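What the coordinates show
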Amino acid sequence: MLLQTHPTGNAFVRNLGEGLVEENLLSEFWTCLDYPERDGWLRPFPQAWLREARRRQISSAVKPFVHLQSLREIGRLLGNRINLGPWINSERSPFSVDGVYRALDRRVAKRISRSSRIRGVYSYEDGSEATFTSARARGIKTFYDLPIGYWRAARRILEEEAELSPDWAATLSGNRDSEAKLARKDRELALAETVIVASSFTRSTLSEAPHPPVDIVQVPYGAPMIEPSVRPAIRAPGSPLRVLFVGSLGQRKGLRYLFEAMNQLGSGFELTLIGTVPATRCDPLAKGLRRHRHISSLPHAGILEEMRRHHVFVFPSLFEGFGLVLTEAMACGLPLISTPHTAAPDLITSGDEGFIIPIRSPEAIAQKLTELSVDEERRQSMANRALQRARELTWVSYRRNLVAHLRARLNAE
């Protein structure tokens, strides 16, 4: 039996939980919040709050296994709502993201020390040190999910970027992690018997660890369920090529290079960006958002709707673990333009479902957008191939593949 723990429970966390239930492997599921199935008593609350809360709903199959540790996460969310600012964002704050992760980690560690049923624990980056220490002391197997590339590789790439793009440096938040937090990441990695990654890029970054892990499992995330009626958007003759970006609005995502590419192209192209503006001031970002269409936030269904009305998805990220928006865009019939520092090389063949371009290359972005703009037949063909490829990348496959790897290791002597 396996204990799974994660403070917020995003898409790949929830899917693994469901997969473990399907295979009778889940012992306990530890998290912070779970939206109730009966929510009538919540109706007086603002709808924007409820939409956000519903993203945290755990499936009915997993609910019997749930253990909640809610206090700090509720404090963090309320603090963000009333703008408590730096006090909430400090790593040392009990109501920061880091504080929430550490508190759940300590609580799960105590639980493991008192249980005789748990044979393995599945935990995630930044919330595993105490859990794994307790597990290893009891001979319990430790599975470590690394959803983004290893921190030393991230620091190297993002420090280079801060020098190349000083006007954007304030948006490179990953460079601000404390030495204590980075050391904790390395201790977690050292305590992990098996490391799970979703992309070959994330796997490659682990070579920069002082002691690279021996057992690495790579399983790609899934794409949303595709309705049979979904078809790629058709571009009318003479109309602009509608270009879409979805993600955090910072330079880790390569936004400077996307804006420069759009400046090279001029008319005939329309860029939409969906993402929240960071709190830190960044003049080039503000200028770009004034020039192009910007949507700060949408529910997931709204993002998919926007994807279906666009013609191409551009994701020029410098450092990514996977990029779920890539599979979502493909499921909406969008060819991709992305970099090898994402999961794109694992998802598409360059020239078939989209293009793989170098990082930091506005010229390559502009060239590929121009190629798609002047050849609608080719763009349609690539869009259809992207849609077909997305049909192969299901969450069912993710669950089954990952659970099979976990079962094999739990059963190993």
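Structure's up top.
Okay, so let's go over this structure.

Conventions adopted
- Residues numbered from 1 in each chain as written.
- Predicted model: local features only at pLDDT ≥ 70, side-chain atom pairs only at ≥ 80, totals over all residues.
- Heavy atoms only, no water.
- Helix = DSSP H or I, 4+ residues; strand = E, 2+ residues; numbered from the N terminus.
- Rg over C-alpha atoms; globule rule 2.2 N^0.38 Å.
- Buried < 20%, exposed > 50% of the residue type's maximum accessible area, 1.4 Å probe, protein only.
- Contact = heavy atoms within 4.5 Å.
- Areas by Shrake-Rupley, 256 points an atom, 1.4 Å probe, with all protein chains shown as cover.
- Lys, Arg positive; Asp, Glu negative; His and termini not counted.
- Charge placed at Lys NZ, Arg CZ, Asp CG, Glu CD.
- Expected span 1.5 Å × (residues − 1).
- Arc of directions from axis to C-beta.
- Pairing = 2+ DSSP bridges.
- Axes fitted to C-alpha atoms, helices over the stretch in contact; angles between N-to-C directions.

Summing up its helical and strand segments, the chain has 17 helices and 13 strands in all. Taken against the 2.2 N^0.38 rule, which gives 22 Å for 413 residues, the C-alpha radius of gyration of the chain at 22 Å falls within 12% of a compact globule. In terms of overall dimensions, the chain has C-alpha extents of about 70 × 50 × 45 Å along its principal axes. Counting only residues that meet the buried cut, the chain has 52% of its 413 residues in that class. The contacts of the chain with a sequence gap of at least 6 include a subset with a gap of at least 24, amounting to 68%. When the accessible surface of the chain is summed, it comes to about 18,600 Å², and 52% of that surface belongs to carbon and sulfur atoms. For the chain, the centre of its 56 positive side-chain charges and the centre of its 46 negative side-chain charges are spaced 5 Å apart.

Turning to helix H7 (residues 151-164), a few remarks are in order. In an α-helix there are 3.6 residues to a turn, and that puts residues three or four apart on one side. With 14 residues, H7 extends 20 Å from end C-alpha to end C-alpha; this agrees with the ideal 20 Å at 1.5 Å per step. Taken residue by residue, H7 has Trp-151, Ala-153, Ala-154, Ile-157, Leu-158 and Glu-161 as its buried positions. The buried residues of H7 occupy an angular sector of 150 degrees when the element is viewed end-on, so they sit on one face. On its buried face, H7 sits against helix H8 (179-191), helix H9 (200-205) and helix H10 (255-265).

With that out of the way, let us pick up the environment of Pro-212. As for its placement among the helices and strands, Pro-212 is situated in the loop between H9 and strand E7 (216-218). On the basis of relative accessibility, which here comes to 42%, the residue Pro-212 falls in the partly exposed class. C-alpha separation for the pair Pro-212 and Tyr-257, spaced 45 residues apart in sequence, amounts to 32 Å. With sequence-adjacent residues up to four places away left out, Pro-212 is seen in contact with Leu-206 and Ser-207.

In space, the seven strands of this open sheet follow the order E3-E2-E1-E4-E5-E6-E7, with parallel pairing throughout. Each having just a single partner strand, strand E3 (66-68) and E7 make up the two edges of the open sheet. Sheet twist, expressed as the mean angle between neighbouring strand axes with direction ignored, is 20 degrees. Relative to strand E4 (residues 120-124), strand E1 (residues 2-5) is paired through three bridges, and the arrangement is parallel. Its bridge partner being in E4, Gln-4 is matched across the sheet by Tyr-122. Each of E1, strand E2 (26-31), E4 and strand E5 (141-145) touches helix H1 (residues 11-22); the most contacted strand, E1, lies at about 165 degrees to it.

What follows is about the sheet that holds strand E13 (residues 354-356). Reading across from one edge, E10-E9-E8-E11-E12-E13 is the order of the six strands in this open sheet, with parallel pairing throughout. Whereas interior strands pair on both sides, the edge strands pair on one side only; in this sheet they are strand E10 (293-295) and E13. Direction aside, the axes of adjacent strands within the sheet are offset by 20 degrees on average. Inspection of the sheet shows strand E9 (residues 269-274) paired to E10 by three bridges, in the parallel sense. Residue pairing in the sheet places Leu-273 in a bridge with His-294 of E10. Packed onto the sheet, helix H15 (residues 362-374) meets strand E8 (241-246), E9, strand E11 (312-315), strand E12 (336-338) and E13 and runs at close to 175 degrees relative to E11.

All quantities given are derived from atomic positions and should not be read as evidence of function.
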